[in-house]
Amino acid sequence: EVDLEERLGELDLRSDSDIPDVPPPTDSTPEILKRALSGLSARWKNWWIRGILTLAMISVFFLIIYLGSFMLMLLVLSIQVKCYHEIITIGYRVYHSYDLPWFRSLSWYFLLCVNYFFYGETVADYFATFVQRREQLQFLIRYHRFISFALYLTGFCMFVLSLVKKHYRLQFYMFAWTHVTLLITVTQSHLVIQNLFEGMIWFLVPISSVICNDITAYIFGFFFGRTPLIKLSPKKTWEGFIGGFFSTVVFGFIFSYFLAQHQYFVCPVEYNSETNRFVTECEPSELFQMKKYSLPPLLQAMLGWETVNMYPFQMHSIALSTFASLIGPFGGFFASGFKRAFKIKDFADTIPGHGGIMDRFDCQYLMATFVHVYITSFIRGPNPSKLLKQLLILQPEQQLSVYKTLKSHLVEKGILQPSLRG
Amino acid sequence: NLQESESENKLDGETASDSESKSEFGGSPPVPTSDDTPEVLNRALSNLSSRWKNWWVRGILTLAMITFFFIIIYLGPMVLMTIVMCVQIKCFHEIITIGYNVYHSYDLPWFRTLSWYFLLCANYFFYGETVTDYFFTLVQREEPLRILSKYHRFISFALYLTGFCMFVLSLVKKHYRLQFYMFGWTHVTLLIVVTQSHLIIHNLFEGMIWFIVPISCVICNDIMAYMFGFFFGRTPLIKLSPKKTWEGFIGGFFATVLFGLLLSYVMSGYRCFTCPVEFNNDTNSFTVDCEPSELFQLQEYNIPSVLQSVVGWKTVRMYPFQIHSIALSTFASLIGPFGGFFASGFKRAFKIKDFANTIPGHGGIMDRFDCQYLMATFVNVYIASFIRGPNPSKLIQQFLTLRPDQQLHIFNTLKAHLVDKGLLGRLEDA
């Protein structure tokens, strides 16, 4: 009987070059495309496939935006599940751990637990009115953390009980692999959804900036590329990087200008309990109201204008695009390094010509966290409905003292007239 | 290097840890850890046989650790926080060192720096979040602190990103897999070690009793389960730890619940244990002074009729906290050991006997704290779900950052709620 432990020990210690390559994934290009492009040479054929699929993905994206926030949430959730599945499958292949049936169930169980925890935290905040009406949901919300923790603990104890002699190391590896994957995919997808609730524009502009940077860096590299950027990805060049940066900033600037005009994109997503739907209707905040900015004298001389009408949001879009172009690619390099480390060409072969879902989203991950941190630090304050919910949970004496403090503050600021009663 | 890996492979997975069964008298194969026992102890115990010597060493060190624990409690919250921080750093160091040993990755100098850097980032993030809550007034006074706390998440994220980019730039051909393993190892370790230590500090701020009772219950369960197993142990509990027995498990459970009840009874009488820790701006120190909450006021409970005939009393005076202590002790006895099994499995998986050999007779710091980790999270979740609500001063602080129309809306809703509950009469006192 082959000692799995020893084989695994050897696997860890061999240098990367000793490890045999994983056989290239099967070609999943649909038959119809193959016939249409059968006349072209292999290079152009590949280019056309990638191009067509890119257009297809962008169209799907627009379609879902049109369909609304709820569909977007579902899309984000499906992508998260698929990415998780792809990474876990790679783990199975690397460790040859198909014969640990417990572990596949446990991985999916942990995914469920973590999603339950995160969705519970967000849903409770945004669906406050919906939740107030239903008794069972109230109970679930009030003890949410406890329930989530109990669910996680069950999984943890199942893992401990499932430890099998001679497979300990494998099982611990898969356990750690699962947790790191959860950390990456689930937290990011929830940050994406929180950004979405802030306003669709906070979802669209970052994602488009990353996609734009991808495409323009590729195009600039294709035409002007000469100096290699990083050993990890030999196809990337400095020309592509810098060209992509400038084009993405310009793109972000122009794109935000168009989006900022529509309430549909700019307003926070709210759940209307009467109509049982999501609504995006509001008074646009200051960020989305045109302002006059005086140009610095340098630009004045260049452009010939003295002032310009802009949305304040466009300034923020510059920050977002800059991050997408300068730091976003590091997410891509990380994924490239990961693929080289584990000798795989693509995460999966879901999308013909592009690889797996994870291949498309590797740069997006850092972006989602950045946008979320950016919003919480510079844009919005705390969520009012969440604050209210917490106020209502306090002990009565605490509520009274808070009420008095708030009242004195409001009177001081002149927001509340002291003579008003009732 | 080759010799090291050979000797590691020689240790059978079965007997790598928990190797001494009850009937053996130190006949296990020699363990490659150095003997750390101080010279003075060695000489004092030189006459005894090796089994009793081991027992004495463990016993003396246990007493030393418990005494140390009491001293720190006496010294106050600030010292406790520092100790928790040191324990956290040592545990992190132990686990990372194991990773280096497993992967023979000493020759990746970048990576050691990066691991410590990530530890620093994670700690900065967590401490920043707690400090802002509890030291609110202090922070508002000092200008640099105020800016740091306002943009805290952004700064922490920027720091983390720097580490992330350094990692990507440090990837070296032919070592990718090793580097990714160490990256993953570091992150999982951070997740376990740093989050837990911060939850412990949160519990501590709730009141020292929420720190002392859980930790003591875990220690008590450890000791009681060992003793019951020593005297009555027969049926093995789990293949992972052959030394554990069902008798020890169940005996330890009942003993711990009883211990928890008694300890909480004693502690609930003292304000220094039951009051939340607060930072006093005027004296610039921590104070534990308050009106004890309902949990810590004696109440009469009716004993159910079953127990009445057994005990002979009709009612009993107890602190409500003692009921909670039953929940805490139950968790410590039933689920806490799973943390220990997890650590045993980990040690067997990586063929190590102990995490380190910091404490003679006991192993590393991590060996002592493996059961504590689940406990800290449980206590924190328990407090958040069943005991305290949100922190009022934090809520006020958040309120003040809202827009005026939002503030008015919340104020009016709160007012309506209070009037509804009858807490606020028509006549409002300003």
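Residues numbered from 1 in each chain as written. Chains lettered and ligands numbered in written order. Predicted model: local features only at pLDDT ≥ 70, side-chain atom pairs only at ≥ 80, totals over all residues. Heavy atoms only, no water.

In the annotation of an unreviewed UniProt entry, chain B is listed under the name Phosphatidate cytidylyltransferase and assigned to Alca torda. UniProt lists a comment for chain B under the heading Sequence similarities (unreviewed entry), and it reads "Belongs to the CDS family." (UniProt positions renumbered as here; feature names shortened; annotations may be inferred.)

Chain A is annotated in an unreviewed UniProt entry as Phosphatidate cytidylyltransferase of Alca torda. The UniProt entry for chain A carries the following text under Subcellular location (unreviewed entry): "Membrane".

Caption draft 1: Expanded view of the overall build of chain A. Along the backbone of chain A there are 19 helices and six strands. Counting every position in chain A, which comprises 422 residues, the buried fraction comes to 47%. With an accessible surface of roughly 21,600 Å², chain A has 65% of that area assigned to carbon and sulfur atoms. (Helix = DSSP H or I, 4+ residues; strand = E, 2+ residues; numbered from the N terminus. Buried < 20%, exposed > 50% of the residue type's maximum accessible area, 1.4 Å probe, protein only. Areas by Shrake-Rupley, 256 points an atom, 1.4 Å probe, with all protein chains shown as cover.)

Caption draft 2: A look at the packing of aromatic side chains. All names here are of chain B. Taken as a whole and judged by the stated rule, the model has 72 aromatic pairs over all chains. The interplanar angle of 35° and the centroid separation of 5.3 Å between the aromatic rings of Phe 296 and Phe 321 together place this pair among those described as tilted. Of this pair, Phe 296 sits in the loop between strand 4 (285-287) and strand 5 (299-302) while Phe 321 sits in helix 14 (residues 320-334), and the two are 25 residues apart along the sequence. With a relative accessible area of 0%, Phe 321 lands in the buried category. (Phe/Tyr/Trp six-rings, centres within 6.5 Å; stacked < 30°, edge-to-face > 60°.)

Caption draft 3: Fine view of helix 9 (residues 168-198) of chain A. All names here are of chain A. The end-to-end C-alpha distance of helix 9, which contains 31 residues, comes to 45 Å, matching closely the 45 Å that a straight helix rising 1.5 Å per residue would cover. The sharpest bend along helix 9 comes to roughly 25°, located at Leu 182. Of all 31 residues in helix 9, 26 are buried, a share of seventy percent or more. (Expected span 1.5 Å × (residues − 1). Bend = angle between axes of the 7 residues up to and from the residue.)

Caption draft 4: Here's a closer look at the nonpolar core. With 179 residues, the main nonpolar core has A:Trp202 and B:Trp210 as its most contacted residues. Element by element, the count of residues in this core is highest for helix 9 (residues 176-206) of chain B, at 14 residues. Two domains each put at least three residues into this core: domain 1 (45-75) and domain 2 (208-387) of chain B. Non-local contacts of B:Trp210, meaning those with residues more than four positions away in its chain, are made with B:Asn203, B:Leu295, B:Phe296, B:Phe321, B:Leu328, B:Val379, B:Tyr382, B:Ile383 and B:Ile387. Among the nonpolar cores identified, the runner-up in size contains 19 residues, and A:Leu387, A:Leu406, B:Ile410 and B:Leu414 belong to it. (Core = buried A, V, L, I, M, F, W, Y, C linked by side-chain atoms within 4.5 Å. Domains from an automatic or database assignment. Contact = heavy atoms within 4.5 Å.)

Caption draft 5: Geometry of unusual backbone geometry. All names here are of chain B. Despite not being glycine, Lys 351 has its phi angle at roughly 55°, a positive value. Position of Lys 351 relative to the elements: it lies in the loop between helix 15 (336-349) and helix 16 (365-369). Among the residues examined, Lys 351 registers a relative accessible area of 15% and is labelled buried.

Caption draft 6: Just the domain arrangement of chain B, in detail. As assigned here, chain B comprises domain 1 (45-75) and domain 2 (208-387). Distance between the C-alpha centres of domain 1 of chain B and domain 2 of chain B: 21 Å.

Caption draft 7: Summary view of a positive patch on the surface. On the surface, a cluster of positive charge is made up of A:Lys231, A:Arg340, B:Lys173 and B:Lys174. Inspection of the secondary structure assignment puts B:Lys173 in the loop between helix 8 (152-169) and helix 9. (Patch = residues over 30% accessible without salt bridge, like charges linked within 9 Å, V, L, I, M, F, W, Y side chains within 5 Å. Salt bridge = Lys/Arg side-chain N within 4 Å of Asp/Glu carboxyl O. Lys, Arg positive; Asp, Glu negative; His and termini not counted. Charge placed at Lys NZ, Arg CZ, Asp CG, Glu CD.)

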